[in-house]
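Here's the letter readout for the chains.
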Amino acid sequence: MDGKGNVAPAIGIDLGTTYSCAAVWRHNRIEIIPNDQGNRTTPSSVAFVDAHRLVGDGAKNQLAMNPANIIFDAKRLIGRRFSDSKVQEDMKLWPFKVIEGPADTPKIVVTYKGQEKEFLAEEISSMILSKMKETAEAYLRQVVKDAVITVPAYFNDSQRLATKDTGTIAGLNVIRMINEPTAAAIAYGLDNKSDIVGKINVLVFDLGGGTFDVSVMTIEKGGIFEVKSVAGDTHLGGQDFDNRMVDHCVLEFKRKRNKDLTGNQRALGRLRFACEKTKRILSCTSQTSIELDCLHEGIDFSLKFTRAKFEELNMGMFDKCIAILETSLNDAKMKKSCVDQVILVGGSTRIPKVQLMLQEYFDGRRLCKSVNPDEAVAYGAAVMAAKVSGSIDKSVQDVVLHDVTPLSLGIQVIGEVFSVVIPRNTPIPSSNAKEYFTTRDNQSCIDIMVYQGERSKSTDNHLLGKFRISGIPLAPKGVSKIMTCFEIDANGILTVTAGVISTGKMEKLVISNEKGRLSKEEIEKMVNDARKYKFEDKEFKKKADAYNALEDYLYKVKNKIKEYKIKKRVRSEMLKKMKNAIDETTKWLEDNQAAPFAELQIKKVHLEFVCKLLF
Ligand code: ADP
Ligand code: MG
């Protein structure tokens, strides 16, 4: 609500691994919300520098200077366990520290105000969401409450739930979560409304900074979006390309200088920053070079980088993208010749080789670049936000979305076999029930282990949670029947209910309450912490403003006093008094860089009082 009692419209947020973007549906169209720097996307980074916190552009700019305290990639940790092999792999590349927290949760360690502090990935992501919320509030001049947040189509249940928690911590009411490629297709559909005749098949190819997503969908005239299949890799994107480049540079440094810089986090931070920039340049020129002064032990680094080298280093990953795309088409039972449009989303689709490989795969077909690859996801999310929050706009109301579940869901049965209850690519919301039998004589209890994944051995999949059904009436094996019911809501989140048919006693697994997930109390604590940080950030800004104001005033009076000396309109003892006050304040400011807001204010008021004759 604002002062006039207006409720801010619900916004759409693309919470990306590397960049985030917010948009809103207003005045019958989508507006991408620029941040305080005027940028339409905001780096998903948080920096802890001395006694203050920076989020977004400010944080990214610190990367080369203070790598251990700049957190990025939190999305890669979200909803994952510390022991996850992907987490273990990533940790080797991150300049910041990650440790094992309770219940196998990863925790990020930073030094803040001279003390070590631990954060969950959800907390870091919530800081980014808060920043997006504030950006939108400044833009709309209203308090933003409701939001649609996007997630990679391939996110599993824990990752989705963790993302939802992230929204709550940031003080947002997450009215819906939609898949990123679906959001991009909505953007395309709305932008190309007049060109869509009947029903068309589209393939959304979203290659971003951290994740890769493909969706095969149909768009029907009028705005019906139906997802046929999704596939992807939550660990494939621009940062992997950067890492390959960094590895290459490290090898070159070793080869040329015989020095190993792998232990030098600052050097690695600078290299990563330079490699990302080089990668972008190589998307429009065929050759460039990396030059870094005093990279390691005072030795400079210089390397010519060609586009061909970049492609060679990353070819394996580009091939993987095409293989995943094929799976998605197979799952949708669609021939590649039936795809009418290939929509490019995500910053990494600007890589010429990726475009070329796609074009070749689709036999020379032109790729659709009409939607902005950085903004399409937020655009679609904002359309959905308007729809879910009841916008009366016809083009928004006409949007109908049929999404699918990205991974198969089921339980473990005897011999660690994975028994699927809801297969992947089933339209959601959806529910299905399956019966199971006891496997031992007089079995009185049974553990229901819920997994998500595509492997036939249950333990190769992702364990979402488990619960016990007890009080089964004693009977020979195979007599007592257990009913299991799986339900997926529109956000793709699962609830499992199971019970003994003969007794009618049911148990429910709400995965959000499972061990390893955040409890209500933990979320509340984080919400409070988030408020605290916001307060601290504000205080810091207040202090910085007061500091600048005093410095500014000093500068002004120093100039003024020179003029007065010439004109000599002021008595000399008065002039002396002013000069003393100026010198004293200048010295005080130099010695008290970290002075609190109130002292800065007092000093300024005092100086203004003494020097008022000057103005
Ligand atoms: P995410 O959604 O994962 O946050 P984005 O879609 O914002 O990612 O894409 C960011 C990624 O795109 C980064 O890895 C960035 O380096 C890469 N990128 C941006 N522009 C280019 C370009 N011109 N050439 C190659 N890669 C690019
Ligand atoms: Mg993205």
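Refer to the structure presented above.
Residues numbered from 1 in each chain as written. Chains lettered and ligands numbered in written order. Predicted model: local features only at pLDDT ≥ 70, side-chain atom pairs only at ≥ 80, totals over all residues. Heavy atoms only, no water.

Caption draft 1: Just the site of ligand 1, in detail. In the region of ligand 1, 18 residues are neighbours, and Thr-18, Gly-209, Glu-276, Lys-279 and Ser-283 sit closest. Thr-17 is positioned with one of its backbone polar atoms (N or O) 3.1 Å from an oxygen atom of ligand 1. Residue Thr-18 places a main-chain N or O atom 2.8 Å away from an oxygen atom belonging to ligand 1. In isolation ligand 1 exposes 580 Å². Once the protein is present, 91% of that is buried. Of all the secondary structure elements, the ones that give two or more residues to the shell around ligand 1 are α7 (238-257) and α8 (265-282). (Near = heavy atom within 4 Å. Polar contact = N/O pair within 3.5 Å; in protein donor to acceptor, adjacent residues only side chain to side chain. Areas by Shrake-Rupley, 256 points an atom, 1.4 Å probe, with all protein chains shown as cover. Helix = DSSP H or I, 4+ residues; strand = E, 2+ residues; numbered from the N terminus.)

Caption draft 2: Focus on the packing of helix α9 (residues 307-331) against helix α10 (residues 352-361). One way to put it is that α9 packs onto α10 with a least axis distance of 9 Å and a crossing angle of 40°. As far as their axial angle goes, α10 and α9 are oblique. Crossing angle aside, the handedness with which α9 passes α10 is right-handed. Taken together, the residues of α10 that come into contact with α9 (itself represented by Arg-307, Glu-311, Met-315, Phe-318, Asp-319, Ile-322, Leu-325, Glu-326 and Leu-329) are Pro-352, Lys-353, Val-354, Met-357, Leu-358 and Tyr-361. Its residues placed into classes, the contact of α9 with α10 shows 10 nonpolar, no polar and 5 charged. (Axes fitted to C-alpha atoms, helices over the stretch in contact; angles between N-to-C directions. Parallel < 35°, antiparallel > 145°, perpendicular 65-115°, else oblique. Left-handed = near helix turned anticlockwise from the far one by under 90°. Contact = heavy atoms within 4.5 Å. Nonpolar A, V, L, I, M, F, W, Y, C, P; charged D, E, K, R; others polar.)

Caption draft 3: How the structure looks around the packing of α7 against α8. Put simply, α7 and α8 touch, their axes get as near as 9 Å, and they point 120° apart. Classified by the angle their axes make, α7 and α8 are oblique. Remark: the crossing between α7 and α8 carries right-handed chirality. In contact with Gly-238, Phe-241, Asp-242, Asn-243, Met-245, Val-246, Cys-249 and Val-250 of α7, α8 contributes Leu-268, Leu-271, Arg-272, Cys-275, Glu-276, Thr-278 and Lys-279. Residues that form the contact of α7 with α8 fall into these classes: 8 nonpolar, 3 polar and 4 charged.

Caption draft 4: Highlighting the pairing of strand β9 (residues 106-112). With respect to burial, β9 is a largely interior element, 6 of its 7 residues being buried. Judged from the 4 bridges that link them, strand β8 (residues 97-100) and β9 form a sheet pairing that is antiparallel. Across the sheet, residue Ile-99 finds its bridge partner in β9, namely Lys-107. If you look at the hairpin formed by β8 and β9, you'll find 5 residues sitting between the two strands, and Ala-103 has a positive phi there, around 55°. Alignment of β9 against strand β10 (residues 115-120), held across 6 bridges, turns out to be antiparallel. Pairing of Tyr-112 across the sheet is with Gln-115, part of β10. The antiparallel hairpin formed by β9 and β10 contains 2 residues in its connecting segment, where Lys-113 sits at a positive phi of about 55°. (Buried < 20%, exposed > 50% of the residue type's maximum accessible area, 1.4 Å probe, protein only. Pairing = 2+ DSSP bridges.)

Caption draft 5: Spatial organisation of the sheet that holds strand β18 (residues 341-345). In space, the 6 strands of this open sheet follow the order β18-β13-β14-β15-β19-β22, with mixed pairing throughout. Every interior strand has two partners, whereas the edge strands, β18 and β22 (427-428), have only one. Note: strand β13 (residues 199-207) against β18, 5 bridges, orientation parallel. Considered in β18, the bridge of Phe-205 is made with Leu-344.

Caption draft 6: Examining the pairing of strand β19 (residues 400-404) more closely. As judged from the 3 bridges shared by strand β15 (residues 224-233) and β19, these two strands associate in the parallel manner. Within β19, the position partnered with Ile-224 by the bridge is Val-400. Sheet topology places β19 next to β22; 2 bridges connect them, and they run antiparallel. Counterpart to Val-404 in the pairing with β22 is Pro-427.

Caption draft 7: Just the pattern of salt bridges, in detail. If you walk through the whole model with that rule in mind, you get 30 salt bridges. Its salt-bridge partner being Glu-118, residue Lys-107 comes within 3.8 Å of it at the nearest N-O pair. Linking Lys-107 in strand β9 with Glu-118 in strand β10, this pair joins segments that are 11 residues apart in sequence. Taking relative accessible area as the criterion, Lys-107 reaches 18% and is therefore assigned buried. Judged by its relative accessible area of 38%, Glu-118 is partly exposed. The shortest N-O distance in the salt bridge between Lys-279 and Asp-242 comes to 2.9 Å. You can see Lys-279 sitting in helix α8 and its partner Asp-242 sitting in helix α7, a full 37 residues away along the chain. Owing to a relative accessible area of 9%, Lys-279 belongs among the buried residues under this scheme. A cluster of three or more residues bridged by salt bridges with shared partners is formed by Arg-26, Arg-29 and Glu-31. (Salt bridge = Lys/Arg side-chain N within 4 Å of Asp/Glu carboxyl O.)

Caption draft 8: View of the packing of aromatic side chains. One pass over the structure, following the stated rule, counts 10 aromatic pairs. Ring geometry for Phe-241 and Phe-310: centres 6.4 Å apart, planes at 90°, overall edge-to-face. Linking Phe-241 in helix α7 with Phe-310 in helix α9, this pair joins segments that are 69 residues apart in sequence. Phe-241 gets classed as buried once you look at its relative accessible area, which sits at 0%. Their ring planes at 55° and their centres at 5.9 Å tell us that Phe-253 and Phe-301 sit as a pair that is tilted. Taken together, the positions of Phe-253 in helix α7 and Phe-301 in strand β17 (residues 299-306) put the pair 48 residues apart, joining distant regions of the chain. Side by side, Phe-253 and Phe-301 carry an identical accessibility label, which is buried. By the ring-pair criterion, three or more aromatic residues cluster together here, those being Phe-48, Tyr-112 and Phe-119. It is Lys-336 that lies over the ring of Tyr-361; its NZ or CZ is 4.3 Å from the centre. (Phe/Tyr/Trp six-rings, centres within 6.5 Å; stacked < 30°, edge-to-face > 60°. Lys NZ or Arg CZ within 6 Å of the ring centre and 35° of its normal.)

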